[in-house]
Amino acid sequence: MRTTKFLLVLAAGVLTLAYAYVYEQEPVSALWSEAALGFIYTLAAALAAALMAAVSSQFEPDEPAGRIWRFFMWGLWMWALAEAVWGLYPVVSGEAPLVSVADLFWVGGYVWFAAALLHQYRMVHGADGGWGLRHVALVAAGIVALSALLAFPLASLQEDGEGWLSVFLNVFYPLGDAALAVGAWSIARLFRGGRWARPWLALLAFVVADAFYTFLLITGLYSFEGNLPSLLADLLYLDAYLFLALVIYDHLEMLRRGIPLRVASGQ
């Protein structure tokens, strides 16, 4: 366990340094450097998804806990696919558009995470415990409506003529992260902040990363040509994946060692 954990931490450090090196030094052409950065993101996301697949495999197909972690896994695979598509754009078309097919996979990931949160909540409280599909749909509709309302004035402030849809998505992602964070925090409270809740709490890293990126983008401080704030924003997002992967690995080891049933059920 310790050797594997050390190797994962080492890999996280290497990927972070590799990203910073390629970003700053551009050792190959700009096109392939951009593709390399996208590949690093994809690798980090896929690592987290693969580890969550290992977590879900610890349960029988009909076990409720296994279903929850499979939903979580599919959310991560959707994000990994989004990163892969985003990374391919520089190779295929020379640059990545502000709005692309990758956004469909990122938004799809939120759907799977919401399903995982809902099933986790129902696992503890039962189907009549309060939250249901209707409540989740209302929250989702509220996020979409708020994102749309905020996007109109923010889009008008953009000097580079960034379209409304692009601004909408840049607002939607932090709000979506915040909704996941509230859900994750609620789950953590159900488990009294125990180790079973840590994969949920690790999603909070994406709240920080997406919020910082959106702030830089709206204020004009983010530069696709590269600067220090942009590098910090990109590294925050990369390390959110890597941090989540490490937390998921700890969760996997906890399951392999065996945990009391009362912890798994939130009692």
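Notes on the structure in this doc start here. What you are looking at is a predicted structure, and each value in this text was computed from that prediction instead of being measured.

1. Examining helix H1 (residues 2–25)
Then comes step 1: For H1, which comprises 24 residues, the first-to-last C-alpha distance of 34 Å matches the rise-based estimate of 34 Å (1.5 Å per residue) to within 8%.
Then comes step 2: Listing the buried residues of H1 in full gives Leu 8, Ala 12, Leu 15, Thr 16, Tyr 19, Ala 20, Val 22 and Tyr 23.
Then comes step 3: At its buried positions, H1 is contacted by helix H2 (30–56) and helix H9 (228–257).
Then comes step 4: Downstream of H1 by a residue or two, Glu 26 has a phi angle that is positive, lying close to 45 degrees.

2. Overview of the packing of aromatic side chains
Then comes step 1: Across all of its chains, the model carries 25 aromatic pairs by this definition.
Then comes step 2: Their ring planes at 65 degrees and their centres at 5.8 Å tell us that Phe 172 and Tyr 173 sit as a pair that is edge-to-face. The same class applies to Phe 172 and to Tyr 173, which are both buried.

3. Comments concerning the packing of helix H6 (residues 164–190) against helix H8 (residues 204–219)
Then comes step 1: Between H6 and H8, the shortest axis-to-axis distance is 9 Å and the interhelical angle comes to 160 degrees. Between H6 and H8, the angle is such that the two are roughly antiparallel. Seen from above, H6 lies across H8 with left-handed handedness. Mapping the contact onto sequence places Asn 170, Tyr 173, Pro 174, Asp 177, Ala 178 and Ala 181 in H6 and Leu 204, Phe 206, Val 207, Asp 210, Ala 211, Tyr 213, Thr 214 and Leu 217 in H8.

4. Let's talk about the nonpolar core
Then comes step 1: Residues Tyr 19, Trp 69, Phe 72, Leu 76 and Trp 200 are the most contacted members of the largest nonpolar core, which totals 75 residues.
Then comes step 2: No other element matches the 16 residues that H9 contributes to this core.
Then comes step 3: When residues no more than four places from it in sequence are discounted, the contact partners of Tyr 19 are Leu 37, Ile 40, Tyr 41, Leu 231, Asp 234, Leu 235 and Leu 238.

5. Here we look at the pattern of salt bridges
Between side chains of opposite charge, pairing is possible as soon as their charged atoms come close.
Then comes step 1: Evaluation of the coordinates by the stated rule reveals two salt bridges.
Then comes step 2: The shortest N-O distance in the salt bridge between Lys 5 and Asp 250 comes to 3.0 Å. Taken together, the residues span a long stretch of sequence, with Lys 5 in helix H1 and Asp 250 in helix H9 at a distance of 245 residues.
Then comes step 3: Between Glu 253 and Arg 256 there is a salt bridge; the shortest N-O distance is 3.2 Å. In this pair, Glu 253 and Arg 256 are both assigned in helix H9, three residues apart and thus about one turn of the helix distant.

Analysis parameters
- Residues numbered from 1 in each chain as written.
- Predicted model: local features only at pLDDT ≥ 70, side-chain atom pairs only at ≥ 80, totals over all residues.
- Heavy atoms only, no water.
- Helix = DSSP H or I, 4+ residues; strand = E, 2+ residues; numbered from the N terminus.
- Expected span 1.5 Å × (residues − 1).
- Buried < 20%, exposed > 50% of the residue type's maximum accessible area, 1.4 Å probe, protein only.
- Contact = heavy atoms within 4.5 Å.
- Phe/Tyr/Trp six-rings, centres within 6.5 Å; stacked < 30°, edge-to-face > 60°.
- Axes fitted to C-alpha atoms, helices over the stretch in contact; angles between N-to-C directions.
- Parallel < 35°, antiparallel > 145°, perpendicular 65-115°, else oblique.
- Left-handed = near helix turned anticlockwise from the far one by under 90°.
- Core = buried A, V, L, I, M, F, W, Y, C linked by side-chain atoms within 4.5 Å.
- Salt bridge = Lys/Arg side-chain N within 4 Å of Asp/Glu carboxyl O.

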